[in-house]
Structure formats: C-alpha cells, structure tokens
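# Coordinate inspection notes
The primary structure of each chain is shown beneath.
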Amino acid sequence: MDETIPPTDPGNLQDYERAYNEFNWASINKNFDWSRGGVFNVAAEAVDRHANGPMKDKVALYSVLASGDVVPVTFREMSERSSRFADGLIKLGAVKGDRIFVFLDRNTDLFVSLIGIAKMGGIAGPLFSALGPEAVLDRVRDCQASYMVVSPYLYERIRPVLKELDVIKRFIIVGDNTGMGERTVRFDDVSASGDSEFKAVGMGQNDPYIIHYTSGSTGKPKGIMLGHKAMLQQLMACRNVVDLREGDIYWCTADPGWVTGTSVGILGPWYLGITIISYEGRFDPRTWYSLIERFNVTVWFTAPTALRMLMRAGDGAVQEFDLSSLRHICSAGEPLNPEVVRWGLKSFQKRIHDNWWQTETGAPCISNYRCMTIKPGSMGRPMPGVVAAIVDENGKELPPRKEGFLALRPGWPSMMVGIWGNISKFREYFYVPGWYISGDQAYQDEDGYIWFLGRVDDVIKTSGERLGPFEVESALIEHPAVAESAVIGKPDELRGEIVKAFIVLKPGHTPSEVLKNEISQFVRTRLSYYAYPREIDFVTTLPKTRSGKIMRRVLKAKELGHPLGDLSTLDD
Ligand code: ATP
Ligand code: MG
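What comes next concerns the included structure. (Residues numbered from 1 in each chain as written. Chains lettered and ligands numbered in written order. Predicted model: local features only at pLDDT ≥ 70, side-chain atom pairs only at ≥ 80, totals over all residues. Heavy atoms only, no water.)

### A few points about the packing of aromatic side chains
Per the stated rule, a full pass over the model turns up 27 aromatic pairs. Arranged with centres 5.5 Å apart and planes meeting at 45 degrees, the rings of Y62 and F295 form a pair that is tilted. Of the two residues, Y62 is situated in strand 1 (residues 59–64) and F295 in helix 10 (residues 285–295); the sequence distance between them amounts to 233 residues. Classification of F295 by relative accessible area gives buried; the value is 12%. Taken together, the ring pairs connect W251, F283, W288, Y289, W300, F321, W343 and F348 into an aromatic cluster. Residue placement shows K375 over the ring face of Y449; its charged tip is 4.5 Å from the ring centre. It is R409 that lies over the ring of W435; its NZ or CZ is 4.0 Å from the centre. (Phe/Tyr/Trp six-rings, centres within 6.5 Å; stacked < 30°, edge-to-face > 60°. Helix = DSSP H or I, 4+ residues; strand = E, 2+ residues; numbered from the N terminus. Buried < 20%, exposed > 50% of the residue type's maximum accessible area, 1.4 Å probe, protein only. Lys NZ or Arg CZ within 6 Å of the ring centre and 35° of its normal.)

Now the structure itself:
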C-alpha cells in the first residue's frame, strides 16, 4: 500500500476527475481581455488590464532588496514603467523579435524590463545574476541577442568578454554609465524617452515572448522559446496547481532566470491580479522564514533543494517564526523526496504539492492538487487539459507500474514554440509519433499517479534490473545521518553497473567505513537486494546547477575520468 496524505479542503479545483473529463482549452479564453477585442500579448494581460481596472492601485510586487528595504509597485506603476521602457526600446532601434537580455538582480527593474520587452514584441532573455562571463557569452552568441539590460556591477563582470559580445548593439545600464563607453546607454534615459501610455503590441499565438536557457543538468543549455499563447496554461496552473485566490500574498522563490520564476513566478499570478513578493538576497533559512512572517505569505512556491536545506537547518529555525499565514505550498524542478513531504507536514502542518514540468513545457503539466490525496514520492496526475502517458519507444502506452518514457500529447498551450537555432534538437522531442518525449523516465500506478524514476540518461542498469536514482536517493535521505545524496550507475564487469552514492552528512556525523556499511544495509532492507549503493563517497557538497539541481552527469564523468562537458551552469 502506498503511503497517503488526504486533502483537508478542496481548493480552487473542487473535483479533479470531473474537471479533467470536462476540460477544454477554449473555455479558458474568456479569462483574457483579447477575447473581448484586446491585444494578444502576455504583458497586456498580466499588467495593463489591471492598470486600467479596479485593481490599478493594488500592489503587484513587493520587491524586497538584499538590504531588507521594500519597494512596493502597483499594477498602474508597473504598467506605466514597462510602457515607457518598451517605447524607449523602440526609439533606441529595437524591433519585434529582437532578443533582449536582462542580466539583473531580483529587483523592480528586472520585472519592468521583462514586461516591457514582451510589450514591444521582443523576446526577453532573462539571465540569472549568478552567471559568469562565459555563460553569458554562450547565450548571447547562441541567439544573437542585440540588447542587454544590465546593472553596473554585472557589466563589470562581463567586461573580459565585452569584445566578443559584439552582436550586442547597446548595453542598457541600470544606474550610472559614466566612463562605460559609447555602446552603453542609461536605462533611465531609455525609459524617459518612452511614452507611459504606450500600448502592448498585438502578437501571434506562437510568437515567442521569452527565451529561457535550460538548467544544463544533462548537457549544454538549450534556448527554449515560449509563445504568448502559453498564458492559457500559466493562468490555469496558477489557479489549479498553485491554488491562487484573491487576497493572496504569493512568494515564488525561483529566479526569473529560470522558467518557474517567470511562468508561475510573475505572469501566472499577475493574470489573476495577485500580489507577489520577490527577494533579492540569497538563500538563508531564517531570512526566508522571516519573509513569510513579515509579509503574511499565504502561498509559497519553492524547490526540493531549498526544502532539503531548510530541513537540514532543523525545526528550531521553523519554531522561531509565525508561519501560520501559509495556506498552500508547492514544489517543482526536481524530484521531491517523500521524507521532505513528511517533514513539511510535521513542521508547517501543510502538505507540499509536488508538480512536474520542464522549461520546454512552459508551465506545470503533472501535479498534486489541493483536492487530491497525496502519495509522497509521486508527482501527481496530469493537469486538466494535459494528456500524459508512459510509453515505449514505439509510442505504445504501457500498463500500470511499467516504467517507460514520460510523454505528453502535443497541443498543450504552453509547449515551447522552438529552440533557438536548433531545429533538429526540437524535432528530437517528437521522434515517437503522436507524442512529445520528455527525456524523463517514470511509471504510472493503478490510480493514475505518476512516479518519477530519473532522467532517461541517469537510469541505472544493475544485475539485469533498471533502477532510477531518485528511489535510492530518497531511501538514503531517510537515514538519520544523511542530509543529501546523489546516485549514479558505475560500470561494473559483473553487474553491468553498480549503484554508487555520493553523500553529504548532517552536521554532527563523521565519515567512517562503519557508517558506509550501515547506510548501505539501511537502503538494502528498504529497497531490494540490488538497489543499494555498493560504493559510497562522503562529500561536503554535491555539484548543482545554479537553479539548484543535482548534476549527476558531472559526478559520473568525474568517476569515469571523462571530460566534464558544459559547466556553464555549475554553481560554485
Ligand atoms: P537540461 O535540459 O539543460 O539538461 P534541466 O532538464 O534540468 O536541464 P529544466 O527544464 O529546468 O532543465 O528542468 C526540467 C527537468 O527537471 C525535468 O525534465 C525533470 O527531470 C526535472 N523535474 C522538474 N520537476 C520535477 C518534479 N516535480 N519531479 C521530478 N523531476 C522534476
Ligand atoms: Mg531538460
């Protein structure tokens, strides 16, 4: 019997089965102004229509600076500022379809820039502010970006590659550009030249508004473009998955450099007129809890890595704060270990709702819903409007409990509209007729719940069995000494591959052979005779992407003495 956590109240989605069976995307159109003659543009729907309606003075964004100071921005202000910037960009020479990068810390100008670029028909390229010069150069070159909005200190960081960034026509400096040369222009001057009444440009459904580079967990990051019609699914995900309601204060901790940070971090909540908070500073358990307390955050969207770190920080930290405002918690981006779900229930008295998606899918596709029983370790069920299945290499749907490729039926509105400069890569996702193949391995149970096993590349073949690293990692983290772990398959003459685990211990535990044996045996009794680590390395950190994902390919390459591949997203 699978472990289950029943729902406490239904949420926006009252009855999953019924909603799933009755759903059709056309019924969602009426949520948008364009269905009443407005323009088709994500910026118009997220910001301008509120600026011209009853919500005009509502706070759209509380931008919390690293210093702790707070800058509130209303929908009206966001609309005017983004309009001025959009119009200013056009006067600067930017045209529809230009790739315009935004390399800023999480503060108001980042939000104004992204909305402004979409408004004038550009393709915004948000870059996480921790990226190094080479990573920026790679991305600029890949999609031939022609403008970059950047703060003075980040401009300093890319100075070594400025010459090579020759496709950039202008660097738009947020701050003082004295002495920075002719290729720079001040953000404030660009904005001052624009009209605050500038109207969003009408776009085609498949015209891209953003290019997001993937996390680089499995290889070189891909430039995924999402189209304006993604708004349909982003809105529905924020209603049904994130469970946003009028009056909510919502905090999505993902940086807008990653798809979570824009699709359900900015646009989705703003279509619904929800106030969001953003925090410029870095991760710190007490600071994070204090933000929830200070702003009475009701809905919180975060990621497994952050949750594991909070868990490691202990319950003492939780107890110092009043977190009773929280109503709903979501997690995405990586598999969510059952142990973390149990911890959330104990520490926050709240269920954590895991949901699955990719940069390529543009919005959540599989999820646990507030109205549904959670089975810890499962990603839940397809979102109403999304058809998901486990298929074999011929596209045949597999029976319950049989592992295979996690696939979606093309046609969900937020599906990528292309990969910049790489049509063959784009086609690879569709090589099985009738399906989009995600690259993840999973199975479905008798109740339709989908269970993640691992990336197709990470699946371990040992003693004739196939094994997902997630299962082993989740068993490992249940051991009281283990804080975090990553598991890979290591070639072995006898068994094909053996399971090798890299383990970060919790504070107060010391590495030893005895502990290795104990941990191995612990997993062996929980999983099976073959699914336990025959080799363990204790490490102080795991290689992760800057978006917080474990890079198993780096561990594997090191283990085998192979080249490490693209490391542009490796966090240091
Ligand atoms: P790259 O494509 O460059 O290798 P990436 O796949 O990590 O990097 P993203 O698009 O940010 O880039 O991440 C999508 C992937 O993250 C999914 O394919 C899946 O492997 C993993 N993922 C996301 N959400 C979940 C989840 N809820 N459970 C398990 N895995 C998840
Ligand atoms: Mg991927």
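Right, picking up where we left off after that structure.
### Some thoughts on the pattern of salt bridges
The final tally for this structure, using the stated rule, is 48 salt bridges. Note that K91 is salt-bridged to D87, the shortest N-O span being 2.9 Å. Here K91 and its partner D87 are both found in helix 3 (residues 75–92), four residues apart, which amounts to about one turn of the helix. K91 sits in the exposed class, given a relative accessible area of 54%. Residues joined in a network through salt bridges with shared partners are D2, K375, R401, D445, E446 and D447. (Salt bridge = Lys/Arg side-chain N within 4 Å of Asp/Glu carboxyl O.)

### A word on the environment of V140
Looking at where V140 falls in the secondary structure, it is placed in helix 5 (residues 133–143). Using a relative accessible area of 1% as the deciding quantity, one classes V140 as buried. Separated by 28 residues in the primary sequence, V140 and I168 place their C-alpha atoms 8.0 Å from one another. Apart from residues lying up to four places away in sequence, V140 is in contact with F101, A145, M148, L165, V167 and I168. (Contact = heavy atoms within 4.5 Å.)

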